[in-house]
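Architecture and fold: a report
Chain by chain, the residues:
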Amino acid sequence: MTIDRRQFTALAGATGLASLLAPGAALAQAKQFFRIGTGGTAGTYYPIGGLIANAISTGTLDASAVATNGSVANVNGIVGGAMESGFSQSDVASWAYSGTGVYQGRPKVEALRAIANLYPESLHVVVKKGLNVRSIADLKGKRISIDEPGSGSIINAKAILAGFGIRDGDYRAENLKPGPSAEKLKDGGLDAFFMTTGWPTAALTELATTTGIELLPIDGEAAKKIMAEFKFFAEDEIPDGAYKDVKGVKTLAVGAQWVTSTRMSADLVYEVTKALWSDKTRALLDSGHAKGKAIRKETALQGLGIPLHDGAARFYKEAGLLR
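Taking an unreviewed UniProt entry as the reference, the protein chain is identified by name as Immunogenic protein belonging to Phreatobacter cathodiphilus.

Put into structure tokens, the structure is as follows:
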């Protein structure tokens, strides 16, 4: 049977054989790369990002977790095109989108969009065991690491210290990631460090086992004033035994969120969002990391301070979570 060009084109479109018209087309669209900016390798973002990347990768989607300096670096990377998506604290994402907070005086990141709220990130204030420090107010004059510029932790650390009456210059600040902070505290070069992360986190698990640590509470009137000033903070608790022989404390938390930009197509983000909430991903999250169990579809839309990506919104509407 002879098929003319018009019939062939119609048949190709109807049967998905368009590649016959352009043999290289199927090959060209075979792989879609989707990088996820996370955080330092000693924190929680990195292993969670690895689990999600592994779960959502398919024959045509190649997702990968990239170690970064954290929330601010991830937002900047998304805007600059260095990565397709990333994890961000809810406060940092909100500041970036609105041009407020740490983004005051800088262009608004109006293209920033949410894929999902993931889990609460607890503020850890870590001191070496036996230091005889009982309150954040006791950190005046101490050697404190508040994380690197570009991280969400440094923003939170300064807000918490100020809430307890400790300003810049009242302590000896160092700018180290959690891994190096833990090593320096172990060696006696630091008295305390701040870390905003989901518990348990590898750096503290090891430090609690090998050296011994204590956590300082963020509670009382100071915590209430901090929450009144910074609406993105919520009450939280790190339980007894989250780290070996470490007493639990009341603290504050921000939401860890997965964000992207309007540059990503709605179809791609729809597939990514759908894969995030698949049975395969659920199994990996439940078995791969303690914080993975807290990543639930039912809380995916909580605390979002930026708009949903159109592709994510399509999925949540289909799932009955968004009108």
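1. Details of the packing of helix α3 (residues 45-56) against helix α11 (residues 279-288)
One way to put it is that α3 packs onto α11 with a least axis distance of 9 Å and a crossing angle of 155°. As judged from the angle between their axes, α3 and α11 are roughly antiparallel. Where α3 crosses over α11, the handedness of that crossing is right-handed. Judged by residue contacts, Leu51, Ile52, Asn54, Ala55 and Ile56 of α3 engage Lys280, Thr281, Leu284, Leu285 and Gly288 from α11. Split by residue class, the contact of α3 with α11 holds six nonpolar, three polar and one charged.

2. Observations regarding the side chain of Lys291
Assignment of secondary structure puts Lys291 in the loop between α11 and α12 (310-318). Buried and unpaired, Lys291 has Asp236 as its nearest opposite-charge partner, separated by 6.0 Å. With residues up to four places along the chain from it excluded, the contact list for Lys291 reads Thr44, Ile48, Tyr119, Pro120, Gly198 and Trp199.

3. Here's the deal with the domain arrangement of the protein chain
Many descriptions give the size of an interface as the accessible area lost when the pieces come together. In terms of domain boundaries, the protein chain breaks down into domain 1 (32-120 + 255-319) and domain 2 (122-254). Domain 1 and domain 2 are separated by 25 Å when their C-alpha centres are compared. Contact between domain 1 and domain 2 buries roughly 1,500 Å² in total, counting both sides, with carbon and sulfur atoms accounting for 55%. The three residues of domain 1 that bury the most area against domain 2 are Ala42, Asn69 and Gln89, which together make up 31% of that side's buried surface. On the surface where domain 1 and domain 2 come into contact, there are zero salt bridges. Linking domain 1 to domain 2 there are five residue pairs in polar contact (both at pLDDT 80 or more). Elements that contribute at least two residues to the side of domain 1 that touches domain 2 include exactly α4 (71-80), α5 (90-98), β4 (112-128) and β10 (249-261). Ranked by residues supplied to the side of domain 1 that touches domain 2, first place goes to α5 with four residues.

What counts and what doesn't
Chains are numbered independently. Their residues run from 1 in the order of the written sequence. This being a predicted model, a pLDDT of at least 70 is required before a residue's local features are given, and a value of 80 or more before pairs of side-chain atoms are given or counted; all residues contribute to the totals for chains, interfaces and linings. The basis for the side-chain values is all heavy atoms of the structure; hydrogens and waters are excluded. What counts as an axis is a line fitted to C-alpha atoms, over the stretch in contact for a helix, and the angles between N-to-C directions run from 0 to 180 degrees. Counting from the N terminus, the helices are DSSP H or I runs at least four residues long and the strands are E runs at least two residues long. Angular relationships are summarised with four words: roughly parallel below 35 degrees, roughly antiparallel beyond 145, roughly perpendicular across 65 to 115, and oblique for the angles in between. Working rule for handedness: look at the near helix, and if it is turned counterclockwise from the far one by less than a right angle, call the crossing left-handed; if clockwise, right-handed. Only heavy atoms enter the contact rule, under which two residues are in contact if any of them lie within 4.5 Å. Side-chain classes follow a simple rule in which Ala, Val, Leu, Ile, Met, Phe, Trp, Tyr, Cys and Pro form the nonpolar group, Asp, Glu, Lys and Arg form the charged group, and the remainder, Gly included, forms the polar group. Burial here depends on accessible area, computed with a 1.4 Å probe over protein chains only, as a share of the maximum for the residue type. Under 20% is buried, over 50% is exposed, and the range in between is partly exposed. Asp and Glu count as negative and Lys and Arg as positive, but His and the ends of the chain are not part of the count. Each reported salt bridge corresponds to a side-chain nitrogen of Lys or Arg within 4 Å of a carboxyl oxygen of Asp or Glu. All the domain ranges listed were derived from an automatic or database domain assignment. By convention, the term buried area covers the 1.4 Å-probe accessible surface removed from two parts as they join, with the contributions of both added. Between N or O atoms, a polar contact is any pair within 3.5 Å; within protein, one atom must be a potential hydrogen donor and the other a potential acceptor, and residues adjacent in sequence are included only when both atoms are from side chains.

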